[in-house]
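# Tertiary structure, described
Listed here are the chains, written in short residue letters.
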Amino acid sequence: MSIAPEHVPKMETASLGERLAPHAPLLLVPVLMILGFLSITNTSSWLTLTVSGLAMGMMIFIMASGLTLVFGLMDVINFGHGAFVSVGAFIGVTILFALGGMTEQPSILLNLLAVLVAVTGAMAGTAIMGWAFERVIVKPVYGAHLKQILVTMGGLIIVEQLIHVVWGPDEIFLTRPETLKGAVTFAGAAIEKYRLLAVAIGLVLFLVMRWTLKSTKIGLIVRAGVENGEMVEALGYRLRLVFIAVFVAGSALAGLGGVMWGLYQEVVTAHMGQQIMILVFIVVIIGGLGSVEGCFIGALLVGLMQNYTAFLEPKLALVSNIGLMVAILMWRPQGMMPVVKAK
Amino acid sequence: MSEPILKLSGVHTNIAQYHILQGVDLEVPSGGVTMLLGRNGVGKTTTLRTIMGLWRAHQGTIDFDGADITATPTPAIARRGVGFVPEDMGIFSDLSVEENMILAAADGPIDKQRLDWLFTVFPPLRTFWKNPAGNLSGGQKQMLSIARAMAQERRLYLIDEPTKGLAPAIIGTLAGALRDLKAQGATILLVEQNFAVAKALGDSCAVMDDGRIVWTGAMVELAEDAALQERLMGLSMEAA
């Protein structure tokens, strides 16, 4: 047996600054909160806006997380992702209306059960739709970005028209389940109960997703596939199947986001997915394509920025997020936490 | 010579508009190291990638262990027992050394004894087990790349220029590891530009030129014939 020559292997010792640099984006959320506090000055307003911003960020994260993984894993730009948001919202609303007896009761158990059934139905529906979308629309255009944009955009338009056919052309108004209406008062600030629920769901989903990616073999395959799909296949893993699974899961999450967004806005429209996609794409880009953690931080930043600016200068709400994207891309052109792609 | 475990017959491969492999005929005997030599750009890497299914042969057949794998998907080729070490090492930089090794064992956890052996052969792997693979030096990355292929027992190892750009001490370590693997009865198809390594490890040899195999024979035969080396590759191994 051969033994390696006598040399002590060494790894370059990075300075404290170099070691902390990759994690610098984590500081952006508290920094933005502090800036928001200094600008708003009123503590209760700031607290209300912060929780609202975090809730919005969590919902955007839920919608964006699948999209960023799909791009990272298979280099697919899916402009049709918004279709899953809209369809999820409509399925969810339909189920909630059907369960009106449960949502109108002042019972948190019955209300949450109704929401759970609606969410499950929406996720199942959009998962199946995602599978069909990948087979019919995305599969023929692998490796061709321009065609992907055109074809997936076309898919989005078709789905929106199908929503009109099934649910009618009008927007549908809904009210939240009884116990999720209203607000709780904390430190003089009125915080909507539903927003707290949205923050909790988003946080749990992020932690589950992070655990799956870091601690399971399927997570390792996904992370490795984002970096070098060819090598993952050369090790014996069928990346195509993994990609389909991620695409389906991402579609289901978009469906979940659609239900939550519909309950948040208390109205659903066929175009709601397309409209929210502007923020979703901003989040995916500033987070770093393929990075779930970057996507999470980006979503929180966008949610907070949107709410603070809407309070301080309403006309600048959307522009502020474009400005945020420009600023972050000037700082880190590949996004906050880019995934290293094999050349 | 033993029965070939791998046989390429009239293999042609195109990459975009370029016709790279122009009828490769190659037999790799079971057990031992077959060297694939030749000047830069003659198609050695393309040959390995075509065997692995990463680039498709548009003509000809590739038989592995009695089965036609010409159109077999890459993951299925790997599952048949082909380990691949690409020229660029294919390390997952964002993953730790440990995570790279976990992925390498597609059929289940790595055998403890085998892992201990890999740690003995490549000590830096143990040292940097929990560190991101992207932080390793070039030589350490190459060790990880080869260790990954060796994480499970394979029927055939395809290794592409493992010593490229590495310091002599690291080359010694890698050559030692490949010698160990060979001693265990493994079959290796090795592309190598370092003639000293090729001479030390190779049993049989195939020389490529212009997308074809132009000479096959025993490594020792090529190593001892300076005129043949000059004619086939434009240089002499005696200088190595």
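Parameters at a glance
- Sequence positions are assigned chain by chain, starting from 1 and proceeding in written order.
- Note on labels: chains are lettered from A, ligands numbered from 1, in written order.
- Two thresholds apply to this predicted model, a pLDDT of at least 70 for residue-level local features and 80 or more for giving and counting side-chain atom pairs, whereas whole-chain, interface and lining totals are computed over all residues.
- The way it works is that DSSP assigns letters per residue, a run of H or I at least four long becomes a helix, a run of E at least two long becomes a strand, and they are numbered from the N terminus.
- With the radius of gyration taken over C-alpha atoms, the globule rule is written as 2.2 Å times the number of residues to the power 0.38.
- Partly exposed residues are those whose C-beta has more than 12 but fewer than 20 other C-beta atoms within 10 Å; 20 or more makes a residue buried and 12 or fewer makes it exposed, with C-beta atoms placed from the backbone.
- Here, residue contact means that the backbone-derived C-beta atoms of the two residues sit within 7 Å.
- Residues enter a nonpolar core if they are buried, belong to Ala, Val, Leu, Ile, Met, Phe, Trp, Tyr or Cys, and are joined to the set through C-beta atoms within 7 Å.
- Lys, Arg, Asp and Glu make up the charged group, whereas Ala, Val, Leu, Ile, Met, Phe, Trp, Tyr, Cys and Pro make up the nonpolar group; the residues left over, Gly among them, are polar.
- What makes two strands pair is DSSP finding at least two bridges between them.
- Throughout, an axis means a line fitted to C-alpha atoms (over the contacting stretch in the case of helices), and angles, computed between N-to-C directions, take values from 0 to 180 degrees.
- Known as pLDDT, the predictor's per-residue confidence is scaled from 0 to 100.
- Reported orientations rely on four angle classes, namely roughly parallel under 35 degrees, roughly antiparallel over 145, roughly perpendicular from 65 to 115, and oblique for the rest.
- Helix crossings get a hand from a simple test, with the near helix turned counterclockwise from the far one by less than a right angle marking a left-handed crossing and a clockwise turn marking a right-handed one.
- Any helix carries an expected span of 1.5 Å times its number of residues minus one.

### Some points on the overall build of chain B
Across its full length, chain B carries 10 helices and 10 strands. Over its C-alpha trace chain B gives a radius of gyration of 17 Å, about what one expects of a compact globule, namely 18 Å for 240 residues. Once the C-alpha set of chain B is aligned to its principal axes, its extents read approximately 45 × 40 × 35 Å. Split into buried and exposed, the 240 residues of chain B put 47% on the buried side. Of the contacts formed within chain B by residues at least 6 apart in sequence, a portion of 69% connects residues at least 24 apart.

### Describing the overall build of chain A
The number of helices and strands found in chain A is 13 helices and four strands. Burial status across chain A gives 48% buried among its 343 residues. Taking as baseline every contact in chain A between residues at least 6 positions apart, the subset at least 24 positions apart corresponds to 79%.

### Digging into the nonpolar core
Of all hydrophobic cores here, the largest spans 180 residues; its most connected members are I60(A) and V283(A). Those residues in contact with V283(A), other than ones at most four positions away along the chain, are I60(A), A64(A), C295(A), G298(A), A299(A) and V302(A).

### Regarding the interface of chain A and chain B
In this assembly, 25 residues from chain A lie in contact with 36 residues from chain B. Along the lines of polarity and charge, the residues of the side of chain A that touches chain B split into 15 nonpolar, four polar and six charged.

### A word on the sheet that holds strand β8 (residues 187-191) of chain B
Residues and elements named next belong to chain B. Taken together, six strands build an open sheet; the order of strands is β6-β7-β8-β3-β9-β10 and the sheet is mixed. Single-partner strands in this sheet number two, and they are β6 (82-85) and β10 (212-218). Here the average twist between neighbouring strands, direction ignored, is 15°. With four bridges joining them, β6 and strand β7 (residues 156-160) adopt parallel strand pairing. Across the sheet, the residue bridging to F84 is L158, located in β7. Each of β3 (32-38), β7 and β8 is contacted by helix α7 (residues 168-183), which is oriented at about 150° to β8, the strand it contacts most.

### A look at the confidence of the model for chain A
Low pLDDT means the predicted coordinates in that region are not meant to be read closely. Considering every residue of chain A, the mean pLDDT works out to 90; 95% of them sit at 70 or more. pLDDT under 50 marks residues 1-7 of chain A. Its contacts with residues more than four places away, or in other chains, come to 16 contacts.

### Concerning the packing of helix α3 (residues 97-104) of chain B against helix α6 (residues 138-149) of chain B
Residue and element names in this part refer to chain B. One way to put it is that α3 packs onto α6 with a least axis distance of 8 Å and a crossing angle of 25°. Relative to α6, the element α3 lies roughly parallel. Taken as a pair, α3 and α6 cross one another with a handedness that is right-handed. Contacts from V97, N100, M101 and A104 in α3 reach L144, A147 and R148 in α6. Looking at the contact of α3 with α6 residue by residue, the class counts come to five nonpolar, one polar and one charged.

### Topic: the sheet that holds strand β1 (residues 4-15) of chain B
One open sheet holds the four strands; their spatial order is β2-β1-β4-β5 (chain B), and the pairing between them is antiparallel. Both edges of this open sheet fall to β2 (18-29) and β5 (67-68) of chain B, since each of them pairs with a single strand only.

### With respect to the environment of K141(B)
All names here are of chain B. With respect to the helices and strands, the residue K141 is situated in helix α6. Measuring from C-alpha to C-alpha, the distance between K141 and I91 comes to 6.9 Å, with 50 residues separating the pair along the chain. For K141, the contacting residues outside a window of four places in its chain are M89, I91, A133 and L136.

### As for the confidence of the model for chain B
Here chain B shows a mean pLDDT of 91. Residues at 70 or above account for 97%. For this predicted complex, the interface score ipTM comes out at 0.91, while the overall pTM is 0.84.

### So, helix α8 (residues 193-215) of chain A
Residues and elements named next belong to chain A. A rise of 1.5 Å per residue sets the reference length of α8, with its 23 residues, at 33 Å; its end C-alpha atoms lie 33 Å apart and thus fit the reference within 8%. Restricting attention to buried positions, one finds in α8 the residues Y194, R195, A198, V199, G202, F206 and M209. Against the buried residues of α8 lie α3 (43-74), β3 (189-192), α10 (239-265) and α12 (292-312).

### Examining the packing of α3(A) against helix α9 (residues 217-234) of chain A
All names here are of chain A. Where α3 contacts α9, the axes come no closer than 6 Å and their chain directions differ by 50°. On the basis of their axis angle, the class for α3 and α9 is oblique. Contacts between α3 and α9 involve L69, G72 and L73 from the former and V222, G225, V226 and G229 from the latter. Its residues placed into classes, the contact of α3 with α9 shows four nonpolar, three polar and no charged.

### Thoughts on the pairing of strand β9 (residues 204-209) of chain B
Residue and element names in this part refer to chain B. Among the six residues that make up β9, five are buried, leaving the element largely enclosed by the rest of the structure. Where β9 meets β10, six bridges bridge the pair, whose relative direction is antiparallel. Among the inter-strand pairings, D209 is bridged to a residue of β10, identified as R212. The antiparallel hairpin formed by β9 and β10 contains two residues in its connecting segment, where D210 sits at a positive phi of about 50°.

### With respect to unusual backbone geometry
All names here are of chain B. Located in the positive-phi region is D65, a residue other than glycine, with phi close to 55°. Tracing the backbone shows D65 in the loop between β4 (57-64) and β5. Residues other than glycine seldom take positive phi values, yet E161 does so here, at roughly 45°. For E161, the position within the fold is in the loop between β7 and α7. The exposure class assigned to E161 is buried, which follows from the 21 C-beta atoms found within 10 Å.

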